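Geometric and topological summary
Each chain, written out:
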Amino acid sequence: GSRPAIGSVRPRAGSMKQTLRIGRPLLAAAAAPAVLQFDTRKTSCEGWFSSSGCPTGKHIKVVSPTPSDIAIAQSVTPVPVKEVFRKTFNLKDEDIYSYGPYKGKLNLAVYDRLKDKPDGHYVVVCGINPTPLGEGKSTTTVGLSQALGAHLGQKVLTCIRQPSMGPTFGIKGGAAGGGYSQCVPMEEFNLHMTGDIHAITAAHNLFAAAIDTRWYHENTSSPEGLWNKLCPKDKAGKREFEPSMYARLEKLGLGHKKHDPASLTPEEIERFCVLDIDASTITWRRVTDCNDKYLRSVEIGKSPSEFSKRQNKQLSREASFAITVSSEIMAVLALASDLKDLRARLGRMICAYSNKGVPLTADDFGITGALTVLMMDALLPNTMQTLEGTPALVHTGPFANIAHGNSSIIADKIGLKMVGKDGYVLTEAGFGADMGGEKFFNIKSYYSGLKPDCAVIVCSVRALKLHSCEAPKVVAGQALSKEYTEENVALVEKGTANLIAHIENVRKHGVQVVVAINRFHTDTDAEHEVIKKVAMANGAHDAVVAEHFAKGGAGAVELGKAVMSACKTGSDFKLLYDAKKDSIKTKISKIVTEVYGGGSVTYSEKAEGIIAKYEADPAIRILPICMSKTQYSLTDDPKKLGAPKGFNINVKDIYVSAGAGFLVASLGDITFIPGLPIKPAYYKIDLDFSHDPPRIVGLS
């Protein structure tokens, strides 16, 4: 039935703990009457099965042809999520805050209680360069979890990203997995979840409003007027700084006067009050969780209320919007280690520069505390489950092209403690091993200190045929050409050049590789055999065909065994570069030559100037690199498929995400907010009122 509203609860204080006030959960559709039947027969896993795995794991009997994702998801009644986590990880009731029966949030106190226990095995799932249709990376992650937990009896936790609702209603659809390998309830997974993305939207736009409002007031008021508003006298004639102002005072070298505003000189008062914002340098876009290309370029400040009588001019400016998940706050949330670290990172976010070239941060605007308050509930990972009853943490969703493209450090760290030394945490990296995979190793692992034991590289016959450079293009919404639906071993073998490049990339980081061949119904055994042969000959620990989309966890049992074997073999993880010692250009060069296979790097005049400025700043030059490029190619050109060698990469621009803690090197024009196609996915999404309560239909 409908999800009941939950009241306020307060966890105990502690290093990773904070007050949590739970809001009203999504009124999602009730589970549909059962169409599928649970299959209690044990999969043949002699020698592998452990009885200490997932007590709520269950087998499902699949049907063919495979129904729609939402039909499958609504056919299975999930286990109450508290029960899944309580039974699997021996948690207490107060460790999980319910947002209805099937989703919730995990108390960070769990980490403090388990922090001295050994970590489990750490597995990252990435892929090759995909087609525009995607190759099933999320589906493989979920299917592998179901295989390990429900069929092989292992203690397992899946950590995946929360999707934006923009693509859900646009063309891509959701990201809960697919077929018989999904996170459920998929409606709640793909829609509002527990409101984390809405919290990011609110925090981001509050900062945007603060920036423009401060610019307006500095252009309409005198320094004295600003001082009297920012630090007014009380009834006794005494002034007092807000604690949120201390960071700016420290930056100006006035920290020793933070308890005595009256001691500031007129010159110091002006330095404190006037940020002197250069409006042309404001990079902080407003955001919305919707695909809307008409917001890519807008003019703001056109109302009469934004007219400056003091300067006799309209305080308008050109601006733009971005989709919420591209916000730096999303990346900050994903990389924060606890609440204090979250606050510190939010405070370091740069939004603009002064007319003298001084970077202006959230701390300068005195807004860091407010942003943290808006984000504190979102710091707690969301608890969900797979179709087969294995636990999942869904947390954060940064893009993998303009950010680091991985789920949160907090979810992974808690998960590794909960599963224990013999368990498995599966975490997903966006796009290919050259994108989310490389950033998982050199950004996420750099900050978390965690060392992966195994990387699963997902590939498909379809994508490898595309990378042969001899098959027609794959276009979303159009039927595939016969090259993709008929056996063609030669095309597959030529396309494995792309797979080899990704295997080599992972092995450069000292991590074991298992290749997961995501089977499509048009594949043939001969095509699979050539992939396995090539993968094994080029450094993979194993290469396995997986049928989890059509068969659920049972279809990924051999993949699960391969991952377990790779983790037992062990890895010798190493970073690609030394972020603190290597120069900015050296770090970029190592990514281009050693990961992409390129031969050289050139820089625009703009990029050269910015790099020179960043090299002179000791706090910026030591940051890791986040390459912003196309996901479809190892190069900066989406049309160059396969595995080109010796090409040149041109860095057009570079900017710092100081809060997230990386430098973004832009290799091309990246769209920060997608548009909608002629027929968006929303045409199919509706409510079916023949059910009581009404059921959501059309989500994918």
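Now for a quick tour of the structure. (Residues numbered from 1 in each chain as written. Predicted model: local features only at pLDDT ≥ 70, side-chain atom pairs only at ≥ 80, totals over all residues. Heavy atoms only, no water.)

**Quick notes on the pairing of strand S15 (residues 350-353)**
Selection rule: Strands are treated as partners if at least two bridges between them are detected by DSSP. Put simply, DSSP marks the helices as runs of H or I at least four residues long and the strands as runs of E at least two long, and each gets a number from the N terminus on.
As paired elements, S15 and strand S16 (residues 359-361) share three bridges and run antiparallel to each other. When the sheet's bridge partners are listed, Ala352 is paired in S16 with Leu360. Hairpin geometry of S15 and S16 is characterised by an intervening segment of five residues between the two adjacent antiparallel strands and by a positive phi of about 85° at Gly357.

**Re the packing of aromatic side chains**
Threshold: Any Phe, Tyr or Trp ring, taking Trp's six-membered ring, that has another such ring centre within 6.5 Å forms a pair; planes under 30 degrees apart are called stacked, those over 60 apart edge-to-face, and the others tilted. Accessible area is worked out with a 1.4 Å probe on protein chains only. A residue is then buried under 20% of its type maximum, exposed over 50%, and partly exposed in between. By definition here, charges over rings are those cases where NZ of Lys or CZ of Arg is within 6 Å of the ring centre and within 35 degrees of the ring normal.
Under the definition given, this model contains eleven aromatic pairs. Centroid distance Phe440 to Phe441: 5.5 Å. Interplanar angle 70°. Geometry classified as edge-to-face. Take Phe440 and Phe441: they sit in the same class, and that class is buried. Between Phe441 and Phe573, the ring centres sit 5.9 Å apart and the planes meet at 40°, which makes this aromatic pair tilted. One end of the pair, Phe441, is in helix H15 (residues 433-448); the other, Phe573, is in the loop between helix H21 (557-569) and helix H22 (584-596), and 132 residues separate them in sequence. Using a relative accessible area of 14% as the deciding quantity, one classes Phe573 as buried. Chaining the aromatic ring pairs together yields one cluster made of Tyr122, Phe440, Phe441 and Phe573. For the cation-ring pair, Arg285 lies above Phe672, with the distance from its terminal atom to the ring centre recorded as 4.0 Å.

**A closer look at helix H19 (residues 525-537)**
Heads up, the condition is: The length a helix should cover is 1.5 Å for every residue beyond the first. This arc corresponds to the set of directions leading from the helix axis out to the C-beta atoms. The contact definition used throughout considers only heavy atoms, calling two residues in contact when any of these lie within 4.5 Å.
Taking 1.5 Å of rise per residue, the 13 residues of H19 would be expected to cover 18 Å, and the 18 Å separating its terminal C-alpha atoms lies within 8% of that figure. Among the residues of H19, Glu527, His528, Val530, Ile531, Val534 and Ala535 are the ones counted as buried. All buried residues of H19 project into a common sector of 160° when viewed along the axis, lining one side. Along H19, the residues that are exposed and aim more than 90 degrees away from the buried face are Asp525, Lys533 and Ala537. Residues of H19 that are buried sit in contact with strand S20 (454-459), helix H16 (461-466), helix H18 (489-508), strand S21 (512-518) and strand S22 (542-546). Downstream of H19 by a residue or two, Gly539 has a phi angle that is positive, lying close to 105°.

**Focus on unusual backbone geometry**
Residues Ser64 and Pro65 are joined by a peptide bond in cis, for which omega reads 0°. Tracing the chain through its elements places Pro65 in the loop between strand S2 (60-61) and helix H1 (69-75). Here Asp692 and Pro693 are connected by a cis peptide whose omega angle stands at 0°. Within the secondary structure, Pro693 is located in the loop between strand S28 (686-688) and strand S29 (695-697). Positioned with a positive phi, Asn90 is a non-glycine residue whose angle comes to about 55°. Along the polypeptide, Asn90 turns up in the loop between helix H2 (81-89) and strand S3 (96-98).

**Quick word on the sheet that holds strand S27 (residues 662-666)**
Filter applied, for reference: Lines fitted to C-alpha atoms define the axes here, with helix axes fitted over just the stretch in contact, and angles between the N-to-C directions of these axes take values from 0 to 180 degrees.
With mixed pairing, three strands are arranged side by side in an open sheet as S24-S27-S26. Edge positions in the sheet fall to strand S24 (625-628) and strand S26 (653-657), since each of these pairs with one other strand and no more. Each adjacent strand pair in this sheet contributes to an overall mean axis angle of 25°, direction not counted. Where S26 lies against S27, five bridges are found, and the strand directions are antiparallel. Bridge pairing in S27 places Ser657 opposite Phe662. In the packing of helix H23 (residues 605-615) onto the sheet, the strands contacted are S26 and S27, and the crossing angle to S26 comes to about 35°.

**Some words on the pattern of salt bridges**
Rules: The term salt bridge refers to a side-chain nitrogen of Lys or Arg lying within 4 Å of a carboxyl oxygen of Asp or Glu.
In total, this model carries 30 salt bridges according to the counting rule given. For Arg248, the salt bridge is made with Asp364, and the minimal N-O distance between the two is 2.8 Å. With Arg248 in helix H9 (residues 246-251) and Asp364 in the loop between S16 and helix H13 (368-375), this residue pair connects regions lying 116 residues apart in the sequence. In this structure Arg248 comes out as buried when scored by relative accessible area, which is 7%. Residues Lys421 and Asp422 are paired through a salt bridge, measuring 3.4 Å at the closest nitrogen-oxygen approach. In terms of burial, Lys421 and Asp422 fall into one category: exposed. Overlapping salt bridges, with partners in common, bring together Asp212, Arg286 and Arg317 in one network.

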